[in-house]
Amino acid sequence: MTKLTKKDILGMADLTVDEIHLILETAESFLEISTRDIKKVPTLRGKSIINLFYEASTRTRTSFEIAGKRLSADTINISASTSSVVKGETLIDTARNLEAMNPDIIVLRHSAAGAPHLLAGLVRQSIINAGDGAHEHPSQALLDMMTIREKKGRIAGLKIALVGDIQHSRVARSNIYGLNKMGARVVVAGPATMMPRDIEKMGVEAFTRIEDAIVDADVVMMLRIQLERQKQNLFPSLREYAQRYCLNRTNFKLAKSDAIVMHPGPINRGVEISPDIADDSGFSVILDQVANGVAVRMALLYLLSGGNE
Amino acid sequence: MNLLLKGGRILDPSRNIDGVMDLLVKNGTIAACGPDLQAPPETQTLDVGGLIVSPGLIDMHVHLREPGQEYKETVATGAAAAVAGGFTAVACMPNTLPVNDTRSITEFILRRAGEAGLARIYPIAAVSLGQEGRQMTEFADLKDAGAVALSDDGKPVMDAALMRRTLEYAESLGLTVIQHCEDLSLSAGGLMHEGYYSTILGMRGIPAIAEDIIANRDILIAEYSGTRIHIAHVSTAGAVRILREAKKRGVRVTAETAPHYFTLTDESLTGYNTAFKVNPPLRTAEDVAAIKEGLADGTLDVIACDHAPHARTDKEVEFEYASNGISGLETSLGLSLKLIEDGVLSWPDLIAKMSLNPARILNLPSASLAPGACADITVIDPNRPWTVDLKAFRSRGKNSPFGGCALPGRAVLTIVGGEIKYNGLASQ
């Protein structure tokens, strides 16, 4: 496969193994551009990309913006607040207005699951889902897979542990889909209150103790905990959460000796990962994830623009 | 004008009649029911051979949106949808703007119904002022104004003490109380049934127990106080089981379900299509099977469609922000006919669940084809396959997941008080 025939990137659920390979290989070939002195190629000159963000985001929005700019596309950022949904223009009207200005790609971040699917069915532009509620975040899963491949040489056959708030995590869902397709063994762990119903049917093993998940793991991926979940009685206190689920020197010994540690960011230091683990470049690949994120997003923009034609 | 319906299969569950006969209507009432009736002078004779002649169908759970949300539906458009769907009468829920919690609103709805002059409209008044779950409405005054039942539908009565007092006070007035069973603390933020599909779709779930717990609680309250209660839109296997056990031990509980709960599952939500967003939510295949069992064994007494018309603007938004509900009056009978095809219900059972049973629960007149009864009649063609065309809905609400669906049959004649209010005999 040398070409992506999809109009949109909505989730890992609907990408094939071949498509994932194509995206990762394209991203790997783009990695070098970001290391040049002049970090820009003319590939997408004349293309316009709109980053339509209905949710606060620094990392993902910046990453998409830099990716577009390194390929010489014109990138436009729109930060809308979901509160405007109540009194202002609907998502559909906003999309139709943007469509009329004829951009090539719309990158959408939205707090409502399924919002990119709604847009994709309405406008002729390609839609990239940059995170929809607790549903999917495909570019994050792709950059995670790229990082795993880079560090481990493969994905198939690896044991990969996802730890934390599985229920509310779009990163978890996208990774479960993607990693399963690529032949990894995925295990998840987190408080029972944040373990979604029937998660096993997604093809994972689920545990409530971090130790049970990370034993013999090749990759330990820690998920962000939203502090406001405490108010919903999903866990009693950050103190107890950290005591039970923080990745530290002691429990990390259970993983394989060459295991790597990942986190989609932003990190709550001392809650999800102890600082000495997060900062140890011997196994923490958190910043490699960020670097690869730009390359993966360049690949998505390129392939959706008809790249490799 | 008199009417003679010739050669139809007369189905009258009130008298256990099922046979090919003629039916004569004079001056708005049933004059005779028997073989080979002769048409008196000035009588319109209609050949209904091969068709089902049923007491007028009654939907005891609809939302007509007037007053306040006329852009979604009015009493008149809702009544037009009702007769087109084969319903001679509907009972409308009080969650209008303002809420039907006082005599003047009830009277207003009845006045609108009179102006429309189509289906009979029976207002259901709110249990609590503003449906806020705190202060009881004036039940007796509302009944006197024409309310046939009490409900805070759209919301549950969460306060158990209020429910107890409501059941006790309403019982003394002969008013039926209808509960929307949803424990709000368990359903908070929920957008769909909690299960595998909510997990993969990343949407907050509404667990089945949110319904089961309130159904169970209110059955216990009714049992304790020796009163009646009616459970609205049953969607879970758990509620069916709880109801079955309660009926077995003699609790005076009745219950309804809606066509979407025996037709669709939560798997339908995988495309985030807001047409499938309802409350209670679409459940699992096991729940659908249990609903059908409940209908078959009599645990569920009534089919009512929970007609919830919405405008495009209410549905063409992100799933999370979309309104709940299906515009159901014009597909309810067609979907229910599939229960006969599938062997779940017999014809007399289906007709009873859509006419006699709701009439009894709401203490409405007759729902009978006996001579002397008011001539509310629905004629059904069970073998007239049609495809649902949302644009052709009489309802203002075109919000239905059943657009494009092939249904086996439909109502072809809806007669209210001896007058033909809908005639689809010729159309095909």
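Residues numbered from 1 in each chain as written. Chains lettered and ligands numbered in written order. Predicted model: local features only at pLDDT ≥ 70, side-chain atom pairs only at ≥ 80, totals over all residues. Heavy atoms only, no water.

Enquirer: Mind showing me how you'd approach the nonpolar core here?
Expert: In globular proteins that are soluble, nonpolar side chains generally tend to be buried together. Counting 86 residues, the largest nonpolar core has A:Val107, A:Ile128, A:Leu142, A:Met145, A:Leu162 and A:Leu301 as its most contacted members. Per-element accounting of this core gives the leading share, 10 residues, to helix H12 (residues 286–304) of chain A. Here this core gathers at least three residues from each of two domains, domain 1 (2–53 + 373–423) and domain 2 (56–360) of chain B. In this structure, B:Ile52, B:Leu64, B:Ala222 and B:Trp347 belong to the second largest nonpolar core, which totals 70 residues. (Core = buried A, V, L, I, M, F, W, Y, C linked by side-chain atoms within 4.5 Å. Buried < 20%, exposed > 50% of the residue type's maximum accessible area, 1.4 Å probe, protein only. Helix = DSSP H or I, 4+ residues; strand = E, 2+ residues; numbered from the N terminus. Domains from an automatic or database assignment.)

Enquirer: Looking at this model, I keep getting lost on the packing of helix H12 (residues 332–341) of chain B against helix H13 (residues 347–361) of chain B. Mind explaining?
Expert: Describing two packed helices takes the angle between their axes plus the distance from one axis to the other. Residues and elements named next belong to chain B. In the contact formed by H12 and H13, the axes pass within 10 Å of each other and the chain directions differ by 150°. Relative to H13, the element H12 lies roughly antiparallel. Here the hand of the crossing between H12 and H13 comes out right-handed. Between H12 and H13, the contacting residues are Ser332, Leu333, Ser336, Leu337 and Ile340 on the first element and Trp347, Leu350 and Met354 on the second. (Axes fitted to C-alpha atoms, helices over the stretch in contact; angles between N-to-C directions. Parallel < 35°, antiparallel > 145°, perpendicular 65-115°, else oblique. Left-handed = near helix turned anticlockwise from the far one by under 90°. Contact = heavy atoms within 4.5 Å.)

Enquirer: Please clarify how the pairing of strand S5 (residues 52–55) of chain B should be interpreted in this entry.
Expert: Looking down a regular strand, the side chains alternate between one sheet face and the other. All names here are of chain B. Bridge analysis of strand S1 (residues 2–12) against S5 gives two bridges, and the strand direction is parallel. Its bridge partner lying in S5, isoleucine 10 is registered against valine 53. Pairing geometry for S5 and strand S16 (residues 377–381), over four bridges, is antiparallel. Following the sheet pairing, serine 54 is matched in S16 by threonine 378. (Pairing = 2+ DSSP bridges.)

Enquirer: Whenever I open this one, the packing of aromatic side chains confuses me. Can you help?
Expert: Any aromatic ring pair is given by two values, namely how distant the centres are and how the planes are angled relative to each other. This structure, assessed with the given rule, holds six aromatic pairs over all chains. Between A:Phe30 and A:Tyr302 the ring centres are 5.2 Å apart and the planes differ by 85°, which places this aromatic pair in the edge-to-face class. Placement of A:Phe30 in helix H1 (residues 17–30) and of A:Tyr302 in helix H12 is noted, with a sequence separation of 272 residues between them. A:Tyr302 matches A:Phe30 in its accessibility class, with the two residues each being buried. Judged by centre distance (5.5 Å) and plane angle (55°), the rings of B:Phe139 and B:Tyr169 are tilted. Residue B:Phe139 is found in helix H3 (residues 139–145), and its partner B:Tyr169 is found in helix H4 (residues 160–173); the two are separated by 30 residues along the sequence. On the basis of relative accessible area, B:Phe139 is assigned to the buried category, the value being 1%. (Phe/Tyr/Trp six-rings, centres within 6.5 Å; stacked < 30°, edge-to-face > 60°.)

Enquirer: What should I look at first to understand the pattern of salt bridges in this one?
Expert: Pairs may arise between side chains of opposite charge once their charged atoms sit close together. What the rule picks out here adds up to 40 salt bridges over all chains. Across the salt bridge formed by A:Lys256 and A:Asp218, the nearest N and O atoms sit 3.0 Å from each other. Remark: A:Asp218 occurs in the loop between helix H8 (210–214) and strand S8 (219–222) and A:Lys256 occurs in the loop between helix H10 (249–252) and strand S9 (260–262); sequence separation between them is 38 residues. The exposure class assigned to A:Lys256 is partly exposed, which follows from its relative accessible area of 34%. For B:Glu223, the salt bridge identified is with B:Arg249, shortest N-O distance 2.7 Å. Residue B:Glu223 is located in helix H7 (residues 208–225), and its partner B:Arg249 is located in the loop between helix H8 (237–248) and strand S14 (253–257); the two are separated by 26 residues in the primary sequence. For B:Arg249, a relative accessible area of 44% translates into the label partly exposed. A single network of salt bridges, built from pairs that share partners, joins B:Arg103, B:Glu107, B:Asp141 and B:Asp144. (Salt bridge = Lys/Arg side-chain N within 4 Å of Asp/Glu carboxyl O.)

Enquirer: Looking at this structure, how should I read the layout of surface pockets?
Expert: Vacant regions in the atomic arrangement are exposed by a probe of water-molecule size rolled over the atoms. In this structure, the largest pocket occupies an estimated 1,000 Å³ of space. Lining the largest pocket are 37 residues, and of these A:Glu55, A:Gly133, A:His168, A:Arg170 and A:Gln226 lie nearest its centre. Broken down by secondary-structure element, the contributors of at least two residues to the lining of the largest pocket are helix H2 (59–70) and helix H7 (170–181) of chain A. It is H7(A) that contributes the most residues to the lining of the largest pocket, three residues altogether. Broken down by class, the residue content of the lining of the largest pocket amounts to nine nonpolar, 16 polar and 12 charged. Empty space within the second largest pocket amounts to approximately 800 Å³. As for the second largest pocket, its lining consists of 35 residues, and the residues nearest its centre are A:Arg197, B:Glu194, B:Gly195, B:Gly205 and B:Pro207. Element by element, the count of residues in the lining of the second largest pocket is highest for helix H6 (residues 196–201) of chain B, at four residues. Its residues assigned to classes, the lining of the second largest pocket comprises 12 nonpolar, 14 polar and nine charged. (1 Å grid on protein atoms, 1.4 Å probe; cavity = no way out; pocket = protein on both sides within 12 Å on 5 of 7 lines; lining within 4 Å. Points joined across faces, edges and corners; volume = space filled by probe spheres on them. Nonpolar A, V, L, I, M, F, W, Y, C, P; charged D, E, K, R; others polar.)

Enquirer: How do you make sense of the environment of B:Asn383 when you look at a structure like this?
Expert: Residues and elements named next belong to chain B. Mapped onto the secondary structure, asparagine 383 falls in the loop between S16 and strand S17 (386–387). The exposure class assigned to asparagine 383 is exposed, which follows from its relative accessible area of 63%. Distance in space between the C-alpha atoms of asparagine 383 and glycine 409 is 5.1 Å, their sequence separation being 26 residues.

Enquirer: What exactly am I supposed to notice about the side chain of B:Thr274 here?
Expert: All names here are of chain B. Mapped onto the elements of the fold, threonine 274 is located in the loop between helix H9 (259–263) and helix H10 (285–296). Residue threonine 274 is classed as buried on the basis of its relative accessible area, which comes to 9%. Residue contacts for threonine 274: discarding those within four places in its chain leaves Lys315, Val317, Phe319 and Ala322.

Enquirer: Sorry, what's going on with the sheet that holds strand S6 (residues 185–189) of chain A here?
Expert: Hydrogen bonding along the main chain pairs the strands of a sheet, whether they run parallel or antiparallel. Residue and element names in this part refer to chain A. Pairing within the open sheet is parallel, and its five strands lie in the order S7-S6-S5-S8-S9. Strands at the two margins of the open sheet, each flanked by one partner only, are strand S7 (205–207) and S9. Shown here is a sheet whose adjacent strand axes are inclined to one another by a mean of 20°, direction ignored. Inspection of the sheet shows S6 paired to S7 by three bridges, in the parallel sense. Bridge pairing in S7 places valine 188 opposite alanine 206. Helix-sheet contacts for helix H6 (residues 138–152) involve strand S5 (159–163), S8 and S9, and the interaxial angle to S9 is about 165°.

Enquirer: Would you mind going over the domain arrangement of chain B with me for this structure?
Expert: Note: interface size is frequently given as the accessible area lost on complex formation between the parts. All names here are of chain B. Domain boundaries in chain B define domain 1 (2–53 + 373–423) and domain 2 (56–360). Placing the centre of domain 1 and that of domain 2 at their C-alpha centroids yields a distance of 25 Å. Facing the 37 residues of domain 1 at the interface are 46 residues of domain 2. Summed over both sides, the interface between domain 1 and domain 2 buries roughly 3,200 Å², with carbon and sulfur atoms accounting for 67% of that surface. If you sort the residues of domain 1 by the area they bury against domain 2, Arg396, Asn399 and Phe402 come out on top, with a joint share of 22%. Counting every contact that joins domain 1 to domain 2 gives one salt bridge. One salt bridge in this structure joins aspartate 376 and arginine 120, with 2.6 Å as the shortest N-O distance. Contributing elements (two or more residues each) for the side of domain 1 that touches domain 2: S1, S16, strand S18 (406–407), strand S19 (410–416) and strand S20 (419–423). (Buried area = accessible area lost by both parts, 1.4 Å probe.)

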